[in-house]
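Fold and geometry: a report
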Amino acid sequence: MTNPHSHSAHSFTSEKFISWLGLFASVIAILMYISYIAQIINNLHGQYGSPVQPFVAGINCTLWSIYAYFKEDRDWPVFWANFPGIFFSFATCLTSFAW
């Protein structure tokens, strides 16, 4: 009799779900950083937002991207979820100043 709570009974379903979840979370994270475009446009039109949150987000994305890329088994969902955030976050931060 197979134990329904054993890992082997659900391994294919669990692996497939986790893979799908990683892909879905990566897409949502990318959309989150793309949403900075509206603030960048506002910044460029003189309606400046605070640079603090996008600056910290840019550092966070940089650290997670480095971590995901350089770990022994590269964590591509984490990498691709954070890599675009590096550019969008720092662009938002930089445009929030009246140069």
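Residues numbered from 1 in each chain as written. Predicted model: local features only at pLDDT ≥ 70, side-chain atom pairs only at ≥ 80, totals over all residues. Heavy atoms only, no water.

Description of the UniProt feature "transmembrane region" (unreviewed entry) in the protein
- Sites flagged by UniProt as "transmembrane region" (unreviewed entry) map to residues 17–38, 50–70 and 76–98.
- End C-alpha atoms of residues 17–38 are separated by 33 Å, and the span's content is 95% helix alongside 0% strand.
- Counting secondary structure, residues 76–98 comes out at 87% helix and 0% strand; the distance between its end C-alpha atoms is 37 Å. (UniProt positions renumbered as here; feature names shortened; annotations may be inferred. Helix = DSSP H or I, 4+ residues; strand = E, 2+ residues; numbered from the N terminus.)

Details of the environment of Ser 35
- Within the secondary structure, Ser 35 sits in the loop between α1 (7–34) and α2 (36–44).
- Once the C-alpha coordinates of Ser 35 and Phe 88 are considered, the two residues, 53 residues apart in sequence, prove to be 8.7 Å apart.
- A polar contact of 2.4 Å, which involves the side chain of Ser 35, links it to the backbone oxygen of Met 32. (Polar contact = N/O pair within 3.5 Å; in protein donor to acceptor, adjacent residues only side chain to side chain.)

Quick word on the packing of aromatic side chains
- Under the criterion given, the structure shown has 14 aromatic pairs.
- For the pair Tyr 69 and Phe 70, a centre-to-centre distance of 5.0 Å together with 85° between the ring planes defines the contact as edge-to-face.
- Taking the relative accessible area as the measure of exposure, Tyr 69 reaches 29% and is therefore partly exposed.
- We classify Phe 70 as exposed; its relative accessible area is 61%.
- When the centroid spacing of 5.8 Å and the interplanar angle of 45° are considered together, the rings of Tyr 69 and Phe 79 count as tilted. Remark: Phe 79 occurs in helix α4 (residues 76–95) and Tyr 69 occurs in helix α3 (residues 52–70); sequence separation between them is 10 residues.
- Residue Phe 79 is classed as buried on the basis of its relative accessible area of 10%.
- Joined through ring pairs, the aromatic side chains of Tyr 69, Phe 70, Trp 76, Phe 79, Trp 80, Phe 83 and Phe 87 make up one cluster.
- Positioned over the ring face of Tyr 69 is Arg 74, at 3.8 Å from the centre of the ring. (Phe/Tyr/Trp six-rings, centres within 6.5 Å; stacked < 30°, edge-to-face > 60°. Buried < 20%, exposed > 50% of the residue type's maximum accessible area, 1.4 Å probe, protein only. Lys NZ or Arg CZ within 6 Å of the ring centre and 35° of its normal.)

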